[in-house]
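Here are the chains, one letter per residue:
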Protein chains: 2
Amino acid sequence: MTERRKAFPTSEELRIWRDFIETTEALRAELASRLQAESSLSPGDYVVLLALSEAEGRRLRPSELAARIGWERSRLSHQVRRMERRGLVRREECAVDSRGAEVVLTDEGAAAFANASRPHLRAIRELFVHPLSEDDLAATERITSALRNGLMAGRGA
Amino acid sequence: MTERRKAFPTSEELRIWRDFIETTEALRAELASRLQAESSLSPGDYVVLLALSEAEGRRLRPSELAARIGWERSRLSHQVRRMERRGLVRREECAVDSRGAEVVLTDEGAAAFANASRPHLRAIRELFVHPLSEDDLAATERITSALRNGLMAGRGA
DNA sequence: CGGTAATGATTGACGCGTCAACAAGTCGCC
DNA sequence: GGCGACTTGTTGACGCGTCAATCATTACCG
């Protein structure tokens, strides 16, 4: 308790921080690059296709879809526009709410997701699960949770 | 060793992965948003200004600068163009190599970095260091290192 | 030397993400 | 019914990142 009022990280803490943020960034980039190379899909494409695949009738209202994957509506709208151009999804009007729309998974989109899924999961295993021991994995869970709590507190307070 | 040949992550492992990647992403976004709000700087601005601040004579050749922060030259070139427009850095011709250039930190850029630095370090402490125990921090270091090794192996092999 | 390769740096095109503005529809409530 | 408030969804502008192409200069080497 001699350091309770410390305002800045020590250089040791800063080193750990930099390693952490650079490594997670590199991991993200490597996964994205493999996904792109193997399936011509971006991470954004993937999460949208995943959500639609799991949805009732392979279709969702944009707002609902955005909520499920934790995106802003605007971001989703841009993403859907790009995906529609490539035939992965289709927009339809919504019967019950004339403002609304529906995003529908096309057969092409479903096929693209099916092809992407296995190599992507393999890559997650190879680059994330495999390098970590069981203890590491448990520690990751604890750390993730602590950081998430810190974020909540930081945004709320 | 009953699972050595497993190709895909279990749903438990997948959950940990998703939490991990979403949380690190949220952390990155929160830091970026605070930096922007407090100092009108992007993370890219910050690392460039940091590198130039520490450089001999507050100036660096683009290639050298890119190497120090681990960026591609092209990315840096775009970044410098944007920063030059805002007066944070200046481009000069290089005396010893007529192909080359030099990126020079302006007084404005130095001031912007000085103003940004303290709140940014405070935010890193608040959102990363503080939520983690000493053990967590040590575990983070181990995990980071394991993931980095996994990346090396994955890219090389 | 002279020509080819390598290096330094930039650019343009394009995908992605955020923010603010906007159009259009629905809801609540008198 | 009608009017204001909220919701749904889209768009445009702009910053950011990657990739491939380009140009100028320097280095290598036969």
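Because the structure is a prediction, the values reported are computed rather than measured. (Residues numbered from 1 in each chain as written. Chains lettered and ligands numbered in written order. Predicted model: local features only at pLDDT ≥ 70, side-chain atom pairs only at ≥ 80, totals over all residues. Heavy atoms only, no water.)

Right, let's get into the interface of chain B and chain A. Reports of interface size often rely on the accessible area that becomes lost once the parts have come together. Between chain B and chain A, the contact holds 52 residues from the first and 51 residues from the second. Each partner contributes to the roughly 4,900 Å² buried at the junction of chain B and chain A, and carbon and sulfur atoms together form 72% of this total. When the area that chain B buries against chain A is broken down by residue, the three leading residues are F8, W17 and R125 of chain B, summing to 13%. For R15 of chain B, the salt bridge identified is with E141 of chain A, shortest N-O distance 2.7 Å. Here chain B is connected to chain A by four residue pairs in polar contact (both at pLDDT 80 or more). Looking at the side of chain B that touches chain A, the elements that each hand over two or more residues are α1 (11–39), α5 (107–129) and α6 (134–156) of chain B. In terms of residue count, the dominant contributor to the side of chain B that touches chain A is α1 of chain B (19 residues). Residue composition of the side of chain B that touches chain A, by class: 25 nonpolar, six polar and 21 charged. (Contact = heavy atoms within 4.5 Å. Buried area = accessible area lost by both parts, 1.4 Å probe. Salt bridge = Lys/Arg side-chain N within 4 Å of Asp/Glu carboxyl O. Polar contact = N/O pair within 3.5 Å; in protein donor to acceptor, adjacent residues only side chain to side chain. Helix = DSSP H or I, 4+ residues; strand = E, 2+ residues; numbered from the N terminus. Nonpolar A, V, L, I, M, F, W, Y, C, P; charged D, E, K, R; others polar.)

On to the protein's contact with DNA strand D. Around DNA strand D, a shell composed of 22 residues is seen, among which S63, R91 and R99 of chain A together with S74 and R82 of chain B lie nearest. Taken together, the sugar and phosphate atoms account for 62% of what DNA strand D places within 4 Å of the protein. A distance of 3.2 Å separates a phosphate oxygen of DNA strand D from a polar side-chain atom of R61 of chain A. R75 of chain B is positioned such that a nitrogen or oxygen atom in its side chain is 2.9 Å from a phosphate oxygen of DNA strand D. Here the surface near DNA strand D takes six residues from helix α4 (residues 73–85) of chain B, the largest share from any one element. Grouping the constituent residues of the surface near DNA strand D by class yields two nonpolar, ten polar and ten charged. (Near = heavy atom within 4 Å.)

Right, let's get into a positive patch on the surface. A surface patch of positive charge is lined by R75, R81, R82 and R85 of chain A. Taking relative accessible area as the criterion, R85 of chain A reaches 66% and is therefore assigned exposed. (Patch = residues over 30% accessible without salt bridge, like charges linked within 9 Å, V, L, I, M, F, W, Y side chains within 5 Å. Areas by Shrake-Rupley, 256 points an atom, 1.4 Å probe, with all protein chains shown as cover. Lys, Arg positive; Asp, Glu negative; His and termini not counted. Charge placed at Lys NZ, Arg CZ, Asp CG, Glu CD. Buried < 20%, exposed > 50% of the residue type's maximum accessible area, 1.4 Å probe, protein only.)

To continue, consider the nonpolar core. Membership of the largest hydrophobic core comes to 38 residues, with the highest contact counts inside it found for W17, L27 and F128 of chain A together with W17, L27 and F128 of chain B. Put simply, the parts of the chain that give this core at least two residues each are α1 (11–39), α5 (107–129) and α6 (134–156) of chain A together with α1, α5 and α6 of chain B. When residues no more than four places from it in sequence are discounted, the contact partners of W17 of chain A are L27, L31, I124 and F128 of chain B. Counting 24 residues, the second-largest nonpolar core is a separate cluster that includes Y46, W71, V89 and L105 of chain B. (Core = buried A, V, L, I, M, F, W, Y, C linked by side-chain atoms within 4.5 Å.)

Scanning the entire structure with this criterion turns up one cavity of 30 Å³ or more. There is about 40 Å³ of room inside the largest cavity. Every residue along the wall of the largest cavity is listed here: F20, T140, I143 and T144 of chain A together with F20, T140, I143 and T144 of chain B. For the lining of the largest cavity, the elements supplying multiple residues, two or more each, are α6 of chain A together with α6 of chain B. Residues belonging to the lining of the largest cavity are distributed by class as follows: four nonpolar, four polar and no charged. (1 Å grid on protein atoms, 1.4 Å probe; cavity = no way out; pocket = protein on both sides within 12 Å on 5 of 7 lines; lining within 4 Å. Points joined across faces, edges and corners; volume = space filled by probe spheres on them.)

So, on to the protein's contact with DNA strand C. In the vicinity of DNA strand C lie 22 residues, with S74 and R82 of chain A together with H78, R91 and R99 of chain B positioned nearest. In DNA strand C, atoms within 4 Å of the protein come from the sugar-phosphate backbone in 64% of cases. Within the contact set of DNA strand C, a phosphate oxygen lies 2.9 Å away from a side-chain nitrogen or oxygen of S42 of chain A. One of the side-chain nitrogen or oxygen atoms of H78 of chain A is found 3.2 Å away from a base oxygen of DNA strand C. When residues of the surface near DNA strand C are traced back to their parent elements, those giving at least two are α4 (73–85) of chain A together with α3 (62–69) and α4 of chain B. Among the elements that take part in the surface near DNA strand C, α4 of chain A stands out by supplying six residues, more than any other. Residues of the surface near DNA strand C, tallied by class, amount to two nonpolar, ten polar and ten charged.

As a further point, take the UniProt feature "domain: HTH marR-type" (unreviewed entry) in chain A. According to UniProt, the feature "domain: HTH marR-type" (unreviewed entry) maps to residues 13–149 of chain A in the numbering used here. Across residues 13–149 of chain A one finds 72% helix and 9% strand; the C-alpha atoms that close the span lie 19 Å apart. (UniProt positions renumbered as here; feature names shortened; annotations may be inferred.)

Next up on the list: the packing of α1 of chain A against α5 of chain A. Residues and elements named next belong to chain A. Contact geometry of α1 with α5 gives a least axis separation of 10 Å together with a crossing angle of 150 degrees. Our classification of the angle between α1 and α5 gives roughly antiparallel. The element α1 and its partner α5 pack so that their crossing is right-handed. On α5, the residues that touch L27, E30, L31, R34, L35, E38 and S39 of α1 are N115, A116, P119, H120, A123, I124, E126, L127 and F128. Among the residues making up the contact of α1 with α5, the classes are represented as nine nonpolar, three polar and four charged. (Axes fitted to C-alpha atoms, helices over the stretch in contact; angles between N-to-C directions. Parallel < 35°, antiparallel > 145°, perpendicular 65-115°, else oblique. Left-handed = near helix turned anticlockwise from the far one by under 90°.)

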